[in-house]
Amino acid sequence: MSYRKVNYEDVEQVSDAKHFLSEPLGCRQVGVTFSRCPPGWNSEPHDHVDDEHEEVYVLVSGTAEVRVDQESVPVEEGDAVWIAPEATRQIRNGEEESAFVLISAPEFDSSGSSDDAWNLTGFQG
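Residues numbered from 1 in each chain as written. Predicted model: local features only at pLDDT ≥ 70, side-chain atom pairs only at ≥ 80, totals over all residues. Heavy atoms only, no water.

Points about the sheet that holds strand β7 (residues 89–93)
Consideration 1: Taken together, three strands build an open sheet; the order of strands is β5-β4-β7 and the sheet is antiparallel. With one partner strand each, in any of the chains shown, β5 (71–76) and β7 form the two edges of the open sheet. Direction aside, the axes of adjacent strands within the sheet are offset by 25° on average.
Consideration 2: By the bridge criterion, five bridges tie strand β4 (residues 63–68) to β7 in an arrangement that is antiparallel. Counterpart to Arg 67 in the pairing with β7 is Gln 90. (Pairing = 2+ DSSP bridges. Helix = DSSP H or I, 4+ residues; strand = E, 2+ residues; numbered from the N terminus. Axes fitted to C-alpha atoms, helices over the stretch in contact; angles between N-to-C directions.)

See the structure below:
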């Protein structure tokens, strides 16, 4: 099959906000998490130094703050924030519910100098 479909509500919730979708989707190179953050919720500060994963946090509803190292990054619906593996990151939710899609994957070498580089082809924009 060339695709898989999963509804996050059908996937067991982890902690108070997260649904890990990578395994049910059968992902091989990308991590996908849906996070519905209740009012006042904060994720645990963490980094991805050990697995060298970069992340993109996409806010799909509400408003929140993403702490990257010691910097506060306010985010509104539709905003996406890229975070380097070595940066400490934390979601801090405000007074209303918000929802994020979190995407993670190993960094790739776009110069084409590595056999392990991901090939970026097709429409990019």
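What to know about the sheet that holds strand β3 (residues 53–61)
Consideration 1: If you trace the five strands from one edge of the open sheet to the other, you get β1-β2-β8-β3-β6, paired in antiparallel fashion. Two strands lie at the open edges of the sheet, namely β1 (18–20) and β6 (80–83), each paired on one side alone. Sheet twist, expressed as the mean angle between neighbouring strand axes with direction ignored, is 20°.
Consideration 2: Both strand β2 (residues 31–37) and strand β8 (residues 98–106) contribute to a ladder of seven bridges, which runs antiparallel. Bridged to Gly 31 within β8 is Ser 104.

A look at the packing of aromatic side chains
Consideration 1: Counting across every chain of the model gives two aromatic pairs.
Consideration 2: Consider the rings of Tyr 57 and Phe 100, whose centres lie 6.2 Å apart with planes at 70°: the pair is edge-to-face. On the criterion of sequence distance, the pair formed by Tyr 57 in strand β3 and Phe 100 in strand β8 is long-range, its members being 43 residues apart. Per residue, the accessibility class of Tyr 57 equals that of Phe 100, and both read buried. (Phe/Tyr/Trp six-rings, centres within 6.5 Å; stacked < 30°, edge-to-face > 60°. Buried < 20%, exposed > 50% of the residue type's maximum accessible area, 1.4 Å probe, protein only.)

Observations concerning the nonpolar core
Consideration 1: Among the nonpolar cores identified, the biggest contains 15 residues, and Tyr 57, Val 66, Val 75, Ile 83, Ile 91 and Phe 100 are the most heavily contacted of them.
Consideration 2: Elements supplying a minimum of two residues to this core: β3, β4, β6 and β8.
Consideration 3: In contact with Ile 83, other than residues within four places in its own chain, are Glu 54, Glu 55, Tyr 57, Val 66, Val 68 and Arg 89.
Consideration 4: Residues Tyr 8, Val 32, Phe 34 and Ala 99 belong to the second largest nonpolar core, which totals six residues. (Core = buried A, V, L, I, M, F, W, Y, C linked by side-chain atoms within 4.5 Å. Contact = heavy atoms within 4.5 Å.)

A word on the pattern of salt bridges
Two side chains bearing opposite charge may form a pair once their charged atoms approach each other closely.
Consideration 1: Applying the stated criterion across every chain yields a total of three salt bridges.
Consideration 2: Note that Glu 55 and Arg 89 form a salt bridge whose closest N and O atoms lie 2.5 Å from each other. With a gap of 34 residues between them, Glu 55 in strand β3 and Arg 89 in strand β7 connect regions that are remote in the sequence. Side by side, Glu 55 and Arg 89 carry an identical accessibility label, which is buried.
Consideration 3: For Arg 67, the salt bridge goes to Glu 65, with nearest N and O atoms at 4.0 Å.
Consideration 4: What makes Arg 67 buried here is its relative accessible area of 17%. (Salt bridge = Lys/Arg side-chain N within 4 Å of Asp/Glu carboxyl O.)

Structural notes on the environment of Asp 16
Consideration 1: For Asp 16, the location among the structural elements is in the segment before β1.
Consideration 2: Distance from Asp 16 to Asn 42, taken between C-alpha atoms, is 9.8 Å for residues 26 residues apart in sequence.
Consideration 3: Residues within four places of Asp 16 in sequence aside, it is in contact with Arg 36, Pro 38 and Trp 41.
Consideration 4: A distance of 3.2 Å separates polar atoms of two side chains, one belonging to Asp 16 and the other to Trp 41. (Polar contact = N/O pair within 3.5 Å; in protein donor to acceptor, adjacent residues only side chain to side chain.)

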